[in-house]
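The lines below spell out each chain.
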Amino acid sequence: MVEKRNRVMGLFPTPLMHAQTVIGGALQQELLARIEAEHRERNTHTGLLSHTAMVSASEDALFARVAAEARPAVLEFGELLFGERLDWAIKEIWVNVLETGGHQALHNHANSFISGVIYLTEHHPRTGTVFHKQLGGSDYSFVNQNRGVKNGPFNASKWQSPPMKPGDMVLFPSYLLHEVPKNEGGRRITMAFNALPDRLDSWGYTVRFG
């Protein structure tokens with residue numbers, strides 16, 4: 001008798017890349033020293049979160065070094081998204097400083113295709129970046145959420161990244177909603193950036209990005 005097995009396939013999965021030790025300890029320390037001395041703007045939702053100005057990676061020598069270290073993973077991730085090895089550029093970089101008790105509200109990144117977060121400090125295990133399914137969309141309007149539910153990749157509405165080490169990076173599609181929950185640990189410092197390909201070509205109908 002032939003044994004029958006059910007097979008589950010992930011249909012159109014959303015990729016998220018964890019790249020370990022993208023920037024080394026010396027560059028991390030150089031960045032932290034600069035961030036400590038640099039002016040930061042207060043976040044509109046909480047005074048416990050502040051941001052440096054967005055800087056073009058091509059116009060800032062220190063951030064250009066970060067972009068150069070991150071670029072190989074960006075190229076690899078871009079190939080996952082679009083099926084072709086395109087020429088990607090990291091357009092802007094900024095730094096987020098989250099104090100104890102602060103949080104970052106739910107948001108995504110407009111006018112870009114790949115976004116990244118580089119972790120510069122250790123952070124509390126419950127302060128990992130939380131990613132959400134899109135609000136609305138094609139999901140059923142009924143939900144099943146109770147103590148007996150076992151969440152998995154096909155029914156969970158959100159996912160929290162595990163603790164990242166300083167120098168680690170995550171890459172994700174820019175449309176993906178994400179947030180940072182209340183910081184129960186010490187100061188949490190991350191760099192964020194957005195990236196664009198040089199062009200997208202659909203059978204000769206080409207869009208180019210500057």
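In case you missed it, the structure is sitting above this.
Residues numbered from 1 in each chain as written. Predicted model: local features only at pLDDT ≥ 70, side-chain atom pairs only at ≥ 80, totals over all residues. Heavy atoms only, no water.

**Observations regarding the pattern of salt bridges**
Argument step 1. Under the definition given, this model contains 10 salt bridges.
Argument step 2. We note a salt bridge from E79 to R85, for which the minimum N-O separation is 3.2 Å.
Argument step 3. Its relative accessible area of 35% is what places E79 among the partly exposed residues.
Argument step 4. Between E84 and R199 there is a salt bridge, with its nearest N and O atoms 2.8 Å apart. Of this pair, E84 sits in the loop between helix 2 (61–82) and strand 5 (88–98) while R199 sits in strand 13 (residues 199–202), and the two are 115 residues apart along the sequence.
Argument step 5. Look at the salt bridges and you will find they share partners, linking R34, E38 and D60 into a network. (Salt bridge = Lys/Arg side-chain N within 4 Å of Asp/Glu carboxyl O. Buried < 20%, exposed > 50% of the residue type's maximum accessible area, 1.4 Å probe, protein only. Helix = DSSP H or I, 4+ residues; strand = E, 2+ residues; numbered from the N terminus.)

**Points about the environment of V22**
Argument step 1. Summarising the element assignment, V22 is placed in the loop between strand 1 (17–19) and helix 1 (25–37).
Argument step 2. Given the relative accessible area of 12%, V22 is considered buried.
Argument step 3. Those residues within four positions of V22 in sequence are excluded, and the remaining contacts are E69, A70, G167 and M169. (Contact = heavy atoms within 4.5 Å.)

**With respect to the sheet that holds strand 9 (residues 158–160)**
Argument step 1. An order of 6-11-8-9 is seen for the four strands of this open sheet, with the pairing classed as antiparallel. Two strands bound the open sheet, and with one partner strand each, they are strand 6 (104–107) and strand 9. Within this sheet the neighbouring strands show an average axis-to-axis angle of 15°, counted without direction.
Argument step 2. Strand direction decides the pairing type here: strand 6 and strand 11 (residues 177–180), joined by two bridges, are antiparallel. Each bridged residue has a counterpart across the sheet, and for Q104 the counterpart in strand 11 is V180. (Pairing = 2+ DSSP bridges. Axes fitted to C-alpha atoms, helices over the stretch in contact; angles between N-to-C directions.)

**Some points on the environment of R187**
Argument step 1. In this fold, R187 is placed in the loop between strand 11 and strand 12 (188–197).
Argument step 2. The class of R187 is partly exposed, set by a relative accessible area of 31%.
Argument step 3. A polar contact of 3.1 Å, which involves the side chain of R187, links it to the side chain of E36. (Polar contact = N/O pair within 3.5 Å; in protein donor to acceptor, adjacent residues only side chain to side chain.)

**So, the pairing of strand 12**
Argument step 1. For strand 12, the buried fraction is high: 10 of the 10 residues fall into the buried class.
Argument step 2. Burial of strand 12 is two-sided: the residues R188, T190, A192, N194 and L196 facing one way and the residues I189, M191, F193, A195 and P197 facing the other way are all buried.
Argument step 3. Judged from the 10 bridges that link them, strand 5 and strand 12 form a sheet pairing that is antiparallel. Paired with W94 across the strands is A192, a residue of strand 12.
Argument step 4. Bridge count between strand 7 (residues 114–119) and strand 12: six bridges; the pairing is antiparallel. Directly across from I114, in strand 12, lies its bridge partner A195.

**Quick notes on helix 2**
Argument step 1. For helix 2, spanning 22 residues, the distance from its first C-alpha to its last is 30 Å, which sits close to the expected 32 Å at 1.5 Å a residue.
Argument step 2. Within helix 2 the residues assigned to the buried category are L62, F63, V66, A67, A70, A73, V74, L75, F77 and G78.
Argument step 3. N-capping of helix 2 is provided by D60, with a side-chain oxygen placed 3.1 Å from the backbone N of L62.
Argument step 4. One or two positions beyond helix 2, positive phi appears at G83, with a value near 75°. (Expected span 1.5 Å × (residues − 1).)

**Thoughts on the environment of F82**
Argument step 1. In this fold, F82 is placed in helix 2.
Argument step 2. The exposure class of F82 is partly exposed, given its relative accessible area of 34%.
Argument step 3. Separated by 118 residues in sequence, F82 and L200 have C-alpha atoms that sit 8.6 Å apart.
Argument step 4. Not counting residues within four places of it along the chain, the set of residues in contact with F82 comprises W88, F113 and L200.

**What about unusual backbone geometry?**
Argument step 1. A positive phi is found at F12, a non-glycine position, where the angle reads about 50°.
Argument step 2. With respect to the helices and strands, F12 occurs in the segment before strand 1.
Argument step 3. What makes F12 exposed here is its relative accessible area of 74%.

**Details of the side chain of Q28**
Argument step 1. Here Q28 shows up in helix 1.
Argument step 2. Look past the residues within four positions of Q28 in its chain and what remains in contact with it is I23, L120, P166 and G167.

That is the geometry; function is a separate question.
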